[in-house]
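Observations on the three-dimensional arrangement
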Amino acid sequence: MSPAFTHLPDNLELLSAEGLYRSRRVIDSPQGINLQIDGRALVNFCSNDYLGLANHPDVVWAFKTASDRYGVGSGSAHLVCGHSTAHHALEEELAAFTGRDRALLFSTGYMANLGVMSALLGRRDSVFEDRLNHASLLDGGLLSGARFKRYAHVDVENLALHLKKATGNKLIVTDGVFSMDGTFAPLQALSKVAKINQAWLMVDDAHGLGVMGEQGGGLLEYFGLNQNDVPVLIGTLGKGFGTFGAFVAGSDELIESVIQKARTYIYTTALPAAIAEATRASLKIIISENWRRDKLQKLTDYFRQRAGQIGLQLSPSTSPIQPIIIGESQHAVDISNALLQAGILVSAIRPPTVPKNSARLRVTFSSLHEEYQIDQLLDALEKAMLQRK
Ligand SMILES: *Cc1c(COP(=O)(O)O)cnc(C)c1O
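Residues numbered from 1 in each chain as written. Predicted model: local features only at pLDDT ≥ 70, side-chain atom pairs only at ≥ 80, totals over all residues. Heavy atoms only, no water.

1. Let's talk about the sheet that holds strand S1 (residues 34-37)
- Read from one edge of the open sheet, 3 strands run S1-S2-S11, paired in mixed fashion. The open sheet has two edge strands with one neighbour each: S1 and strand S11 (344-345).
- Taken together, the 4 bridges between S1 and strand S2 (residues 40-44) define a ladder with antiparallel strand orientation. Note that in S2 the partner of Gln 36 across the bridge is Ala 41. (Pairing = 2+ DSSP bridges. Helix = DSSP H or I, 4+ residues; strand = E, 2+ residues; numbered from the N terminus.)

Here is the structure:
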């Protein structure tokens, strides 16, 4: 018998040669704009903790007091005996926050997307996805068994052509704020084309909720769209909310159907009740502290203005996700390493997370950053990019 999996070392070497090898950094401090790595202090520009809530004292306090009350583990799935008062209260508050009939918690956004799409779609149905959708949405579509079409990025006309030919129930699926680009999906046009074609629109607003919209209601608030316009809304809690978990929000029938049928809901342990209590605390801050969103916008504008002055190629994004497209993977890694030497953490995002030859530095802002730190980032970037030329 010959040994199995002998190709693994070669595969790893190949990844390394192509600048695609991924490795983790060990963080020694709480999440925030200042991180401790290998005994060094770094300014963090790659977190999704946009509002600075992951280590907010009110959120931490809520977590601590709730773990005194509920302990740590939730003990089982929601449908067995793991659904606590804390989970239930958070679901009701998320429904009110998003202006929907109901909301349902999932343990992660990845699982929410797989579960919701599998609950809604079967082999006779059709799913349409933006080419640049998050991996969990693409995987959800494939796993559902429905006929699967990717349409050109934000191209509503291209989508309309596909919709005309489709059969069965039709579900259009898109990121709200595109996670690696920071740009917005054309939700008003998508909602219109969905209605004309008797399709449903599902929006995953992982990077918009809490961050965009006057009240933090995300891209749907920004565009003035309701449950009728976008029947399925996915939100994640590990980004703007600063905690962990995810939810789907929509009509009573949608939520009941997901409870009955979503395998990633039924066959998994509920997230800890203390996490739900921490999330309730962060939701209060999201609703009441507009200054965090105002500050983010100010920082983003400042970065774009200053970056323009030094001739940096900017993306069209107006959100706190500001990618700097480099192209070649190894080049992006080299610049990221040079920034690290200068005390700044920005990770290089490479294929297959982004399309080939579009490796990038994904710069993100937190409402806790200050303008002088953006100056530091830009100075270091300018030096790093000159060195590579
Ligand atoms: C991060 C992300 C997810 C996954 O959410 P997790 O809670 O981290 O699993 C899903 N969709 C989008 C668009 C994301 O950016």
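Following the structure, the description resumes.
2. Quick notes on the domain arrangement of the protein chain
- Domain assignment breaks the protein chain into domain 1 (18-47 + 290-388) and domain 2 (57-288).
- Facing the 18 residues of domain 1 at the interface are 21 residues of domain 2.
- Where domain 1 abuts domain 2, roughly 1,300 Å² becomes buried across the two surfaces, and 56% of that area is made up of carbon and sulfur atoms.
- Its largest share of buried area at the contact with domain 2, domain 1 owes to Asn 290, Arg 293 and Ile 321, together 40% of the area lost on that side.
- Run the count over domain 1 and domain 2 and you get 1 salt bridge. (Domains from an automatic or database assignment. Contact = heavy atoms within 4.5 Å. Buried area = accessible area lost by both parts, 1.4 Å probe. Salt bridge = Lys/Arg side-chain N within 4 Å of Asp/Glu carboxyl O.)

3. Examining the side chain of His 78
- Of note, His 78 is situated in helix H3 (residues 78-82).
- There is a polar contact of 2.9 Å between the side chain of His 78 and the side chain of His 83.
- Excluding residues that lie within four positions of it along the chain, His 78 makes contacts with His 83, His 87, Leu 105, Tyr 265, Thr 268 and Ala 270. (Polar contact = N/O pair within 3.5 Å; in protein donor to acceptor, adjacent residues only side chain to side chain.)

4. Concerning the packing of helix H5 (residues 109-120) against helix H10 (residues 252-261)
- The N-to-C vectors of H5 and H10 enclose an angle of 100 degrees; their axes lie 9 Å apart at closest approach. When the interaxial angle is binned, H5 and H10 end up roughly perpendicular. Here Val 116, Ala 119 and Leu 120 of H5 come into contact with H10, specifically with Leu 254, Ser 257, Val 258 and Lys 261.
- Tallied by class, the residues present in the contact of H5 with H10 amount to 5 nonpolar, 1 polar and 1 charged. (Axes fitted to C-alpha atoms, helices over the stretch in contact; angles between N-to-C directions. Parallel < 35°, antiparallel > 145°, perpendicular 65-115°, else oblique. Nonpolar A, V, L, I, M, F, W, Y, C, P; charged D, E, K, R; others polar.)

5. Side note on the site of the ligand
- With respect to spatial proximity, 14 residues lie near the ligand, and among them Gly 109, Tyr 110, Asp 204, His 207 and Lys 239 are the closest.
- Between an oxygen atom of the ligand and a main-chain N or O atom of Gly 109, the distance comes to 2.7 Å.
- Residue His 207 places a side-chain N or O atom 2.6 Å away from an oxygen atom belonging to the ligand.
- Look at the ligand: alone it shows 380 Å² of surface, and the protein chains cover 82% of it.
- Take the shell around the ligand: its biggest share by element is 3 residues, from H5.
- When its residues are assigned to classes, the shell around the ligand shows 2 nonpolar, 9 polar and 3 charged. (Near = heavy atom within 4 Å. Areas by Shrake-Rupley, 256 points an atom, 1.4 Å probe, with all protein chains shown as cover.)

6. A few points about the environment of Ser 358
- Looking at the secondary structure, you find Ser 358 in the loop between strand S12 (348-349) and strand S13 (359-364).
- Remark: the alpha-carbon pair of Ser 358 and Asp 294, spanning 64 residues in sequence, is separated by 30 Å.
- Side-chain polar atoms of Ser 358 contact the backbone oxygen of Pro 355, separated by 2.7 Å.

7. Focus: the side chain of Ser 358
- Judged by its relative accessible area of 11%, Ser 358 is buried.
- At 3.0 Å, the side chain of Ser 358 forms a polar contact with the side chain of Arg 360.
- The contact partners of Ser 358, leaving out residues within four places of it in the chain, are Ile 325 and Gly 327. (Buried < 20%, exposed > 50% of the residue type's maximum accessible area, 1.4 Å probe, protein only.)

8. With respect to a nonpolar patch on the surface
- Among the surface-exposed residues, Leu 12, Leu 15 and Tyr 21 lie close enough to one another that they form a single nonpolar patch of about 260 Å² accessible area.
- You can see Tyr 21 is positioned in the loop between helix H1 (8-17) and S1.
- On the basis of relative accessibility, which here comes to 40%, the residue Tyr 21 falls in the partly exposed class. (Patch = residues over 30% accessible without salt bridge, like charges linked within 9 Å, V, L, I, M, F, W, Y side chains within 5 Å.)

9. Looking at helix H4 (residues 85-98)
- If you check H4, its first and last C-alpha atoms are 20 Å apart, about what 14 residues at 1.5 Å a residue would give, namely 20 Å.
- As for H4, its buried residues are in contact with helix H2 (57-70), H3, strand S3 (102-106), strand S8 (232-236), strand S9 (246-250) and helix H12 (273-288). (Expected span 1.5 Å × (residues − 1).)

10. Observations regarding the nonpolar core
- Membership of the largest hydrophobic core comes to 81 residues, with the highest contact counts inside it found for Phe 45, Ile 172, Leu 187, Leu 190, Leu 377 and Leu 381.
- Element by element, the count of residues in this core is highest for H12, at 8 residues.
- Two domains share this core, each providing at least three of its residues, namely domain 1 (18-47 + 290-388) and domain 2 (57-288).
- Leave out the neighbours within four places in its chain, and Ile 172 touches Phe 128, Tyr 151, Leu 159, Leu 163, Leu 190, Val 193, Ala 194, Ala 199, Trp 200, Leu 201 and Met 202.
- Core analysis: the next-biggest nonpolar cluster, separate from the first, contains 24 residues, Met 111, Met 202, Val 248 and Ile 259 among them. (Core = buried A, V, L, I, M, F, W, Y, C linked by side-chain atoms within 4.5 Å.)

11. What to know about the pattern of salt bridges
- Throughout the structure, instances matching the rule amount to 10 salt bridges.
- Among the salt bridges present, the one from Glu 289 reaches Arg 292, with a minimum N-O distance of 2.8 Å.
- Its relative accessible area of 21% is what places Glu 289 among the partly exposed residues.
- Residue class for Arg 292 comes out buried when judged on its relative accessible area of 6%.
- Taking the shortest distance from any N to any O, the salt bridge between Glu 370 and Lys 295 comes out at 3.3 Å. Here Glu 370 is found in the loop between S13 and helix H15 (371-388), whereas its partner Lys 295 is found in helix H13 (residues 290-309), with 75 residues between them in sequence.
- Residue classification places Lys 295 among the buried residues on the basis of a relative accessible area of 19%.
- Taken together, the shared-partner salt bridges in this structure form one network comprising Glu 93, Glu 277 and Arg 280.

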